[in-house]
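Observations on the three-dimensional arrangement
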Amino acid sequence: MSKARRNGGESVSSPSASSSSSSSSSTTTGSAGTKRKRTKSNAGRSSRGVVAAKGSYDDSDDSDEEESTAPHEVVFFGDSLTHGMAHNRADRYAVTWPTMLIDKFKKHDLHVVECAMCSRTTRFDDINLDNSDWLPHAKPEYFNGHKALIPQLLSHSPHWLVLLLGTNDLQSGIQDQYDEERVKRLGVKGHSPTPFQRAEEIAESVAVLACDAQTHVDNLRIVLVTPPPVRLTEDNEDWGFTEDSVTISYLFPEAFRRVCRRYGFLNANPPSGTGEGQIDMAGSEDGVHITEEHNEIIAKAVWDCMALEEKSDARPLRRRRPAKPYYARN
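Described in the following lines is the structure provided in the data block. (Residues numbered from 1 in each chain as written. Predicted model: local features only at pLDDT ≥ 70, side-chain atom pairs only at ≥ 80, totals over all residues. Heavy atoms only, no water.)

1. Overview of the packing of aromatic side chains
- Considering all chains together, one arrives at seven aromatic pairs under this definition.
- Plain terms: the ring middles of Phe 76 and Trp 97 are 5.3 Å apart, the flat faces sit at 85 degrees to each other, and that makes the pair edge-to-face. Here Phe 76, found in strand E6 (residues 73-78), pairs with Trp 97, found in the loop between helix H1 (80-83) and helix H2 (102-106); they are 21 residues apart in sequence, far enough to count as distant. When sorted by exposure, Phe 76 lands in the same class as Trp 97, which is buried.
- On the basis of an interplanar angle of 55 degrees and a centroid distance of 4.7 Å, the ring pair of Phe 124 and Tyr 178 is categorised as tilted. With Phe 124 in the loop between strand E7 (111-116) and helix H3 (145-153) and Tyr 178 in helix H4 (residues 172-186), the pair connects residues that are 54 residues apart, well separated along the chain.
- Using a relative accessible area of 4% as the deciding quantity, one classes Phe 124 as buried.
- Clustering of aromatic rings is evident, with ring pairs tying together Phe 76, Trp 97, Phe 105 and Trp 303. (Phe/Tyr/Trp six-rings, centres within 6.5 Å; stacked < 30°, edge-to-face > 60°. Helix = DSSP H or I, 4+ residues; strand = E, 2+ residues; numbered from the N terminus. Buried < 20%, exposed > 50% of the residue type's maximum accessible area, 1.4 Å probe, protein only.)

2. Quick notes on the sheet that holds strand E10 (residues 266-268)
- Spatial ordering of the open sheet is given by E7-E6-E8-E9-E10, a layout of five strands whose pairing is parallel. Of all the strands in the sheet, just E7 and E10 have a single pairing partner and so form its edges. Across the sheet, the mean angle separating the axes of adjacent strands is 20 degrees when strand polarity is ignored.
- Where E6 and strand E8 (residues 158-164) come together, six bridges link them in parallel fashion. Following the sheet pairing, Gly 78 is matched in E8 by Leu 164. (Pairing = 2+ DSSP bridges. Axes fitted to C-alpha atoms, helices over the stretch in contact; angles between N-to-C directions.)

3. Thoughts on helix H8 (residues 252-263)
- Along its twelve residues, H8 runs 16 Å from first to last C-alpha, staying within 8% of the 16 Å computed at 1.5 Å per residue.
- Gly 264 sits one or two residues past H8 and shows a positive phi near 80 degrees. (Expected span 1.5 Å × (residues − 1).)

4. Remarks on the pairing of strand E9 (residues 221-225)
- The element E9 is largely enclosed, with a buried count of four among its five residues.
- Relative to E9, E8 runs parallel, the two sharing four bridges. Bridge pairing in E9 places Trp 160 opposite Arg 221.

5. Examining the environment of Glu 285
- If you trace the backbone, Glu 285 turns up in the loop between E10 and helix H9 (292-306).
- Along the chain, Glu 285 and Asp 235 lie 50 residues apart, while their C-alpha atoms are 8.8 Å from each other.
- The residues contacting Glu 285, other than those within four sequence positions of it, are His 87, Asn 88, Arg 231 and Thr 233. (Contact = heavy atoms within 4.5 Å.)

So this is what it looks like as structure tokens:
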């Protein structure tokens, strides 16, 4: 939403022709008259870390591969919490939590890419035009994270994807869309989920984005960040948050932990509470957006989760069972 109504704001291979052809490939002549093989391999990133589109040209020679010059990037995809929306004014912090990690990432040859937009949801359009007061010419699909993610990823060369989404899914208009999905899935009305079931549905919605990303970018490492809790205020009631939103938000840590375990994703869980080094939303004026100190806490949680200093720890958890989105289950 914006300050008027806010939560969330937004930021191939080298040549060397293959001499052989097969029934699964065709050749074309480049501008220099050289033959280039068109592959039909699945989309993804090559071993050199370059994002390659399905059916793109493969000019590499497996026997003499050149090192890619593409930057190694960490894409931070989220809503206003990642964008850096201030909790007490309609403005963006000069330093966001992803940019707090720039120097640390540089030591590992990784570059920060921010892709965050105010009011972004996990995978729902703004069908009620709830954001028209601060962005009157926006189309409903602008706020759908699922629709925005892949074009953003394919505009970069990501090695990591860090997702912080779910807070805007707590708004009543988006909750209604979850309820409509449940009716279609279960075939009955009036079957309301428990608060934890809804928290887990939101966490799985974030996981759906991550799974989709991995179908387009090979070897993409994923971090799902647990959203901080919400404190109900007059401001965020106008944005569609309710007492139920607060209840569900406090169940996010366990819900995201379970979903990340199920899908094999890393989970960064910034601690919340009243103690030192914890996110206390009593310090947030609007009850949704985090303070500058809270940004530091999230940055630390993500850095510790990625465990780049200890490579043996920097790997996803093993999936406990085949993962299938909740809305695709019987």
